[in-house]
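The residues making up each chain are set out below.
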Amino acid sequence: MKIELKLLLIVLTCYALPSQAWWFYSVNSASTSVDVNPANEQAHNEWLKKRFSKQHQQLIPIVAVADMFIICNQERKFDKVDYKLSYLITEMDKNTLAEKLASCLGEDTMKSDVALNFGLFGCFQAQLAHLPKAERDQKMILVRKAVSSLSHSERKKSFTQCVTEQSIHYLK
């Protein structure tokens with residue numbers, strides 16, 4: 001039990017805490033499918049920040065762990081089940097999820113480049129899920145190339161931003 005909580009705290013410390021600025025940016029700059037008066041949109045975004053800030057901060061580490069696990073599981077064939085990301089985030093017990101990630105990572109740590117890359121790929125895969133398979137696969141190849149050219153700190157910043165924006169989706 002303590003290991004799972006430590007893993008979640010590590011993810012929160014390493015990836016989520018710097019995301020507050022990204023979250024405030026993304027809430028203020030998120031585009032909507034409905035044209036809204038800019039003054040109303042700003043007021044709405046302020047209300048969202050106040051209303052859901054605590055829930056959002058609690059959700060970020062779960063989303064980060066789920067992103068890492070889903071790709072780790074796909075690449076390493078750790079678990080025979082092909083999980084849906086939404087299930088991992090909204091239904092699976094967070095301690096079970098943390099245990100599964102730790103087991104899947106094996107010798108790699110949560111702070112490793114491998115885990116960070118799994119997280120980035122998982123997050124981008126979720127963002128591209130609405131696209132047709134061929135187009136999604138093409139874009140994921142580009143994502144993998146782009147990620148390989150980034151430094152650790154740039155990848156960490158990207159992952160933080162992606163998870164922050166992704167977790168907002170699960171608040172809606």
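Each remark here, short or long, concerns the structure printed above.
Attention here is on the structure that accompanies the text. Predicted model, so just to flag it, every value in this text is computed and none were measured.

About the cut-offs
- Here the residue numbers are simple positions, counted from 1 along each chain's written sequence.
- In view of the model being predicted, local features appear only for residues whose pLDDT reaches at least 70, and side-chain atom pairs are presented and counted only at 80 or more, with totals across whole chains, interfaces and linings using the full set of residues.
- Just so you know, side-chain values use all the structure's heavy atoms and leave hydrogens and water out.
- Each helix corresponds to a stretch of at least 4 residues labelled H or I by DSSP, and each strand to a stretch of at least 2 residues labelled E; elements are numbered beginning at the N terminus.
- Only protein chains enter the area calculation, which uses a 1.4 Å probe; residues under 20% of their type maximum are buried, those over 50% are exposed, and those in between are partly exposed.
- We call two residues in contact when some of their heavy atoms are within 4.5 Å.
- Every accessible area reported is derived by Shrake-Rupley at a probe size of 1.4 Å, with residue values counting cover from the shown protein chains alone.
- Residues belong to a common nonpolar core when they are buried Ala, Val, Leu, Ile, Met, Phe, Trp, Tyr or Cys residues joined through side-chain atoms within 4.5 Å.

### Examining the overall build of the protein chain
Phase 1 of the analysis: Scanning the protein chain for helices and strands turns up eight helices and zero strands.
Phase 2 of the analysis: Traced from its N-terminal end to its C-terminal end, the protein chain shows the element sequence α-α-α-α-α-α-α-α.
Phase 3 of the analysis: Across the 172 residues that make up the protein chain, the buried fraction comes to 40%.
Phase 4 of the analysis: Taking the intrachain contacts of the protein chain between residues at least 6 apart in sequence as the baseline, contacts between residues at least 24 apart amount to 76%.
Phase 5 of the analysis: Accessible area of the protein chain: about 10,000 Å², with a carbon and sulfur share of 56%.

### Thoughts on the nonpolar core
Phase 1 of the analysis: The biggest cluster of nonpolar side chains holds 36 residues, and the ones touching the most others in it are Leu88 and Leu97.
Phase 2 of the analysis: Breaking this core down by element, the ones donating at least two residues are helix H3 (38-76), helix H4 (85-90), helix H5 (94-105), helix H6 (113-127), helix H7 (133-148) and helix H8 (152-171).
Phase 3 of the analysis: By residue number, the principal contributor to this core is H3, which donates twelve residues.
Phase 4 of the analysis: Contacts of Leu97, omitting those with residues within four sequence positions, involve Ile62, Val65, Ala66, Phe69, Leu88 and Met92.

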